[in-house]
Amino acid sequence: MSADTEPAALAAPDRPGRRPAAPWVFMYHSVAEFTDPAEDPYGITVTPTALEAQLRWLDSRRLRGVSVGELLRARAAGRAAGLVGLTFDDGYTDFLTHALPLLRQYEFTATLFVLPGRLGVDNVWDPLGPRKSLLTAEGIRAVAEAGQEIGSHGLLHQHLNTCADAVLQQELRGSRELLRELTGTLPAGFCYPYGTIDRRVVAATRAAGYSYACAIAPGRLAGPHAMPRTHISQADGPGRLRIKQLRHRARELRRAVLR
């Protein structure tokens, strides 16, 4: 099976009015040491200690963290019980230094959404936060070679719902092709920068060949190409994680009733 057709098997196609139950997927960004909340104004950083505690909580409840691609393949085969998706947005260098060793320790996998148009630079789109370095091409390849899934986060971290059509195509198709050149594998997954989407963007993402895409709170657009995720923060200990798990279940029950 070719690289161009293989990802399509990961998820069922979107259909008008269809609102399938969504798996539980965690959303992380950066994993780094910090002591002052002012160092993390957007709430996107967890310390390695906090991440380890969160992974240990999953493990203690007989839940296994996996990449979104692995999760969707398991769901298609009826083997997804006990699996939780783990995603890390932006492709920070600290994924390689801090997150990957912990994932290996617990024998978990994750999806890292990267920006091939910003290799080796920093998070210029976050004007209030500290500068965080992004992975180079070599770093992205190292993550892929370690058994983690690489997905696209676009080229430049732009609000896609305000982009012209030509720019949108570059963000979707251009970034996908660059990642194939970098890793030798055509990425199956996309992650919307800022979580901002509309029907045009979701349709373009599907047409670009991605088998799934991650959003944040997609509302009525929820589906394989607008998957909701649960933001995980530094403050999320066992109690808060349990509440978030129950909220996820309740949300999916409500959606099932509305289908």
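One can find the structure itself at the top, above this paragraph.
Report follows, based on the coordinates. (Residues numbered from 1 in each chain as written. Predicted model: local features only at pLDDT ≥ 70, side-chain atom pairs only at ≥ 80, totals over all residues. Heavy atoms only, no water.)

## A few points about the side chain of R176
Here is step 1 of the chain: Here R176 lies in helix α5 (residues 165-183).
Here is step 2 of the chain: At 3.1 Å, the side chain of R176 forms a polar contact with the backbone oxygen of G209. (Helix = DSSP H or I, 4+ residues; strand = E, 2+ residues; numbered from the N terminus. Polar contact = N/O pair within 3.5 Å; in protein donor to acceptor, adjacent residues only side chain to side chain.)

## Some thoughts on the packing of aromatic side chains
Here is step 1 of the chain: According to the stated counting rule, one finds eight aromatic pairs in the structure shown.
Here is step 2 of the chain: When the centroid spacing of 4.8 Å and the interplanar angle of 80 degrees are considered together, the rings of W24 and F26 count as edge-to-face. Take W24 and F26: they sit in the same class, and that class is buried.
Here is step 3 of the chain: A connected cluster of aromatic rings, assembled from ring pairs, spans W24, F26, Y28, W57, F88 and F95.
Here is step 4 of the chain: Directly above the aromatic system of Y210 lies the positively charged group of R176, at a separation of 5.0 Å from the ring centroid. (Phe/Tyr/Trp six-rings, centres within 6.5 Å; stacked < 30°, edge-to-face > 60°. Buried < 20%, exposed > 50% of the residue type's maximum accessible area, 1.4 Å probe, protein only. Lys NZ or Arg CZ within 6 Å of the ring centre and 35° of its normal.)

## Section: the nonpolar core
Here is step 1 of the chain: Within the largest apolar cluster, 33 residues are counted, with the highest numbers of intra-cluster contacts made by F26, L51, L55, L58, L86 and F88.
Here is step 2 of the chain: Secondary structure elements with two or more residues in this core: β1 (25-28), α1 (48-60), β5 (83-90), α3 (93-106), β6 (111-114), α4 (137-145) and α5.
Here is step 3 of the chain: Ignoring anything within four residues of it in the chain, the contact list for L86 reads F26, Y28, L55, L58, G65, V66, S67, L103, F108, T109, A110 and T111.
Here is step 4 of the chain: Grouped together as the second largest cluster of nonpolar side chains are 15 residues, V201, A204, A208 and A226 included. (Core = buried A, V, L, I, M, F, W, Y, C linked by side-chain atoms within 4.5 Å. Contact = heavy atoms within 4.5 Å.)

## A word on α5
Here is step 1 of the chain: With 19 residues, α5 extends 27 Å between its outermost C-alpha atoms, agreeing within 8% with the 27 Å of an ideal straight helix rising 1.5 Å per residue.
Here is step 2 of the chain: In the structure, α5 departs most strongly from a straight axis at G174, where the bend amounts to approximately 25 degrees.
Here is step 3 of the chain: All of the buried residues in α5 are L168, E171, L172, G174, S175, R176, L179 and L182.
Here is step 4 of the chain: Packed against the buried residues of α5 are β6, α4, β7 (149-152), β8 (189-191) and α6 (199-207).
Here is step 5 of the chain: Looking one or two residues beyond α5, the residue adopting positive phi is G184, at roughly 85 degrees. (Expected span 1.5 Å × (residues − 1). Bend = angle between axes of the 7 residues up to and from the residue.)

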